[in-house]
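# Descriptive structure summary
Here are the chains, one letter per residue:
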Amino acid sequence: MFHPKRFCITGTKILLLLCLIAWGHASAHAAGFIVIANKSVVESTLTRAELQGIYLGEKVKWGNRKHIKIAVLEEERTLKEFLQVMLGKTPSQFDQHWVRMVTTGKASLPPAFPDTQQMIDFVAKTPNAIGFVAAGQPGDSVKTIAIK
Amino acid sequence: MKKALTAMMLLAFTGSAHAVDLAGVEIHGFASQGYIKTSPDNNFPVSNSGEGSFNFNDFAVNFSKEVNPDLRVGLQLLAMDRGSYGKDKITLDWAFGDYRVTDWLGFRAGKIKIPLGLYNESRDNDAARTFIFLPQNEYYDYERDSVNAITGASIYGSIPAGSAGTVNYQFQVGTTPIPLDGASARNYSAYISTVDAPLTTTDVNSSTAFVHHLEWRTPVGVRATFSGLHTSFDGTATGIYTDPVTSATTPVTAKWKFDSWHRYILGVEYLWNDLTLATEYQRDDYTVSADYQNPALENFTSRQASDGWYVSAAYRFTDWFELGGYYTEIYADRHHRDGSTFEDLGVGAPWQTWQKEKVLTLRFDPVRNLVLKVEGHLIDGTWNMSEYTDASKRNWYLVATKATVFF
């Protein structure tokens, strides 16, 4: 039998759960990293969805149709935070995604760098490259991309 | 050829832990060896698993090259063993050229992985998932060789959907190669064999197949997919008919057909921190017919309507340990889930028309690029074991372990 009160309680519980999920994803925006790009990149801002697409190998072109070269920083703390905040993935989920990509021939494995300076050097010298480093001053050799 | 594959893999392993790059050719691969034990009377999916078997492995190496930023080519060689099939014979798993015009439009031509459900494209690589065996309705081991890849062409792309995320699509047209010595062909033989006339497929022809796949990836960790495969295929089979009364034998040739095969899969995956939840539902509709060139056997045409679903959960407790489990149900006849049709025809017990499984998996990643797994299945029913019509245990178990190195 239909019980309006029970229906309202169940609905409220579902709504609270959805709010909790949305909060879990939205609350992580106080980032301890910055996104950097080669100075040849015309974009200065990206949406989170665009950055997700880039790091999942779905968005492969910049606005000027140049091919995007992505790079990954292996430094654990920054990597974890970047992946969780921007992609909603853990490092193991991200690794498995790229294992799937290369096993099926869809993409090349993005280069990974153990420290910030190597990442900055790669992005600085590689046209159309994008990467991420811990928050701070990345220097003048690369540009900073704002995430909307 | 097997030595060549081993040599290539050894060459690759001597390089970086991530990949090998030789003159712009990127090399990846995996080597996966397992052990499987099932209840003695129910051998699945390895033909001698009842007694415990090491005939349970998968090896692959792939090569790809970026010809220019928009154009890639590549191929993967795969060998696997499942006892009576596979036998570590090297096959061309995929090989295609890929031209990406823009984010929302790309073209591939060659032998291309078929995107069915959440995981079909990547099912070869054990390291890319939690479980050793993916749920068998959607990722049936006996069909792996026939729904693995399509030889033809595809268009694909990624379309931004604003705050709703991204929609990825793939459309494919071509033929699905069905090797005569593979599990699929053997499985099709089982459909048209009788107790008195076991048949072996001697020829298979695939008609043009169409595949469509839509994937909606939301910003909040939900990935939803809807896929379809539409095809027909036919062939011939031969065997010997033994008269049950006189024991006289006569040769049998049969022409068989799986016509108007329509498969649909709906899937949803949700990631929240270290938790992965997934569910999929698949339904198949097709017509099986057999025309026996022997008066002792009665020709038939039968409309089939099967389905199945699963729910799975996996949680990564640490960088090196993940626990997962799933529950799945599979039905040969979704209009008679109690198996009554089978029983009425007098061809078997009702439980031979379903398979219900509870699965638990431990995954360990002790060091980078190495995965170890242990998995247990408790199973009710034997529908997936149609190759082995003498499977006699309704309630049975499967235990498997696997070690995989990938690069």
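Residues numbered from 1 in each chain as written. Chains lettered and ligands numbered in written order. Predicted model: local features only at pLDDT ≥ 70, side-chain atom pairs only at ≥ 80, totals over all residues. Heavy atoms only, no water.

Turning to the overall build of chain A, a few remarks are in order. Of the regular secondary structure elements, chain A holds 5 helices and 7 strands. In chain A, the succession of helices and strands from N to C terminus is α-β-β-α-β-β-α-α-β-α-β-β. The long-range fraction of contacts in chain A, counting pairs at least 24 apart against all pairs at least 6 apart in sequence, stands at 73%. (Helix = DSSP H or I, 4+ residues; strand = E, 2+ residues; numbered from the N terminus. Contact = heavy atoms within 4.5 Å.)

Residues and elements named next belong to chain B. Residues Trp-396, Leu-398, Ala-400, Lys-402, Thr-404 and Phe-406 point to one face of strand β18 (residues 395–406) and are all buried, whereas Asn-395, Tyr-397, Val-399, Thr-401, Ala-403 and Val-405, pointing to the other face, are not buried. Strand direction decides the pairing type here: strand β2 (residues 25–38) and β18, joined by 9 bridges, are antiparallel. Residue pairing for β18: Ile-36 is matched across the bridge by Ala-400. For strand β17 (residues 370–380) and β18, the ladder comprises 11 bridges, and the chain directions are antiparallel. Note on β18: the bridge partner recorded for Ile-379 is Trp-396. (Buried < 20%, exposed > 50% of the residue type's maximum accessible area, 1.4 Å probe, protein only. Pairing = 2+ DSSP bridges.)

Contacts between the two partners involve 36 residues from chain A and, on the opposite side, 48 residues from chain B. Interface of chain A and chain B: buried area, both sides summed, is about 3,400 Å²; carbon and sulfur atoms make up 45% of it. Looking only at chain A, the three residues that lose the most surface to chain B are Glu58(A), Thr103(A) and Lys106(A), adding up to 17% of its buried area. The shortest N-O distance in the salt bridge between Arg368(B) and Glu74(A) comes to 3.2 Å. Summed over the shared surface of chain A and chain B, the result is 25 residue pairs in polar contact (both at pLDDT 80 or more). Among the elements of the structure, α1 (4–26), α2 (48–55), α3 (76–87) and α4 (91–103) of chain A are those that each provide at least two residues to the side of chain A that touches chain B. No other element matches the 7 residues that α4(A) contributes to the side of chain A that touches chain B. Partitioning the side of chain A that touches chain B into residue classes produces 8 nonpolar, 16 polar and 12 charged. (Buried area = accessible area lost by both parts, 1.4 Å probe. Salt bridge = Lys/Arg side-chain N within 4 Å of Asp/Glu carboxyl O. Polar contact = N/O pair within 3.5 Å; in protein donor to acceptor, adjacent residues only side chain to side chain. Nonpolar A, V, L, I, M, F, W, Y, C, P; charged D, E, K, R; others polar.)

Residues and elements named next belong to chain A. Taken as a whole, helix α5 (residues 116–125) has its buried residues at Met-119, Ile-120, Phe-122 and Val-123. When α5 is viewed along its axis, its buried side chains cluster within an angular range of 165° and face the same direction. Buried positions along α5 lie against β1 (33–37), β4 (72–73), β5 (112–113) and β6 (129–134). Between the side-chain oxygen at the start of α5 and the backbone nitrogen of Gln-117 there is a gap of 3.1 Å, and the oxygen is on Asp-115. (Arc of directions from axis to C-beta.)

Bringing unusual backbone geometry into the picture now. Omega for the bond connecting Phe44(B) with Pro45(B) falls within 30 degrees of zero, at -10°, which places this linkage in the cis form. Position of Pro45(B) relative to the elements: it lies in the loop between β2 and β3 (57–68). Look at Arg65(A): it is not a glycine, yet its phi comes out positive at around 70°. Positive phi is not limited to glycine here, since Ser260(B) has a value of about 50°. Mapped onto the elements, Ser260(B) comes out in strand β12 (residues 249–272).

Now for the pairing of strand β6 (residues 105–113) of chain B. Residues and elements named next belong to chain B. For strand β5 (residues 91–102) and β6, the ladder comprises 7 bridges, and the chain directions are antiparallel. The residue bridging Arg-100 from the neighbouring strand is Gly-106, located in β6. Following β5, the chain reverses through 2 residues before pairing antiparallel with β6. Bridge count for β6 against strand β7 (residues 149–160) is 8 bridges, and the pairing is antiparallel. Within β7, the position partnered with Gly-106 by the bridge is Tyr-156.

On average, residues of chain A score 85 in pLDDT, and 80% of them reach the 70 mark or higher. Here residues 14–30 of chain A scores under 50 on pLDDT; set against residues more than four positions off or in separate chains, the count is 12 contacts. (pLDDT = per-residue confidence, 0-100.)

On to the packing of aromatic side chains, then. Residues and elements named next belong to chain B. Under the counting rule described, the total for this entry stands at 36 aromatic pairs over all chains. Between Tyr-35 and Phe-54, the aromatic rings sit 4.7 Å apart at their centres with planes inclined by 50°, giving tilted as the arrangement. Taken as a pair, Tyr-35 in strand β2 and Phe-54 in the loop between β2 and β3 lie far apart in primary sequence, 19 residues in all. When its relative accessible area of 29% is taken as the criterion, Tyr-35 is described as partly exposed. A relative accessible area of 59% places Phe-54 in the exposed class. Measuring from centroid to centroid gives 4.8 Å for Tyr-188 and Phe-233, while their planes differ by 35°, and the two rings are tilted. In this pair, Tyr-188 is assigned in helix α3 (residues 183–192) and Phe-233 in strand β11 (residues 222–242), connecting sequence segments 45 residues apart. For the pair formed by Tyr-188 and Phe-233, the shared burial category is buried. Connected via pairs of aromatic rings, a cluster forms that spans Tyr-188, Tyr-191, Phe-233, Trp-256, Phe-258, Trp-261 and Tyr-286. In this structure, Arg-108 is placed above the aromatic ring of Tyr-156, and the distance from its NZ or CZ to the ring centre is 3.7 Å. In this structure, Lys-356 packs its charged tip against the face of Trp-354, placed 4.7 Å from the ring centre. (Phe/Tyr/Trp six-rings, centres within 6.5 Å; stacked < 30°, edge-to-face > 60°. Lys NZ or Arg CZ within 6 Å of the ring centre and 35° of its normal.)

Residue position: Thr276(B) is located in strand β13 (residues 275–292). Classification of Thr276(B) by relative accessible area gives buried; the value is 19%. Setting aside anything within four residues of it in sequence, one finds Thr276(B) in contact with Gln93(A), Glu269(B), Tyr270(B), Leu271(B), Ser312(B), Ala313(B) and Ala314(B).

All names here are of chain B. What the rule picks out here adds up to 29 salt bridges over all chains. Measuring nitrogen to oxygen at the nearest pair gives 2.5 Å for the salt bridge that ties Lys-113 to Asp-124. With a gap of 11 residues between them, Lys-113 in strand β6 and Asp-124 in the loop between β6 and α2 (144–147) connect regions that are remote in the sequence. Exposure class is identical for Lys-113 and Asp-124. Each is buried. Between Arg-316 and Glu-322 there is a salt bridge, with the nearest N and O atoms lying 2.9 Å from each other. One exposure class covers both Arg-316 and Glu-322, and it is buried. Salt bridges here are not isolated pairs; linked through shared partners, they connect Asp-58, Arg-82, Asp-93, Lys-113, Asp-124, Asp-141, Arg-144 and Lys-402.

What follows covers the nonpolar core. Residue and element names in this part refer to chain A. With 38 residues, the main nonpolar core has Tyr-55, Phe-82 and Ile-130 as its most contacted residues. Take this core: its biggest share by element is 6 residues, from α3. Beyond its immediate sequence surroundings of up to four residues, Tyr-55 is in contact with Ile-70, Ala-71, Val-72, Phe-82, Leu-87, Phe-94, Trp-98, Ile-130, Gly-131 and Phe-132. (Core = buried A, V, L, I, M, F, W, Y, C linked by side-chain atoms within 4.5 Å.)

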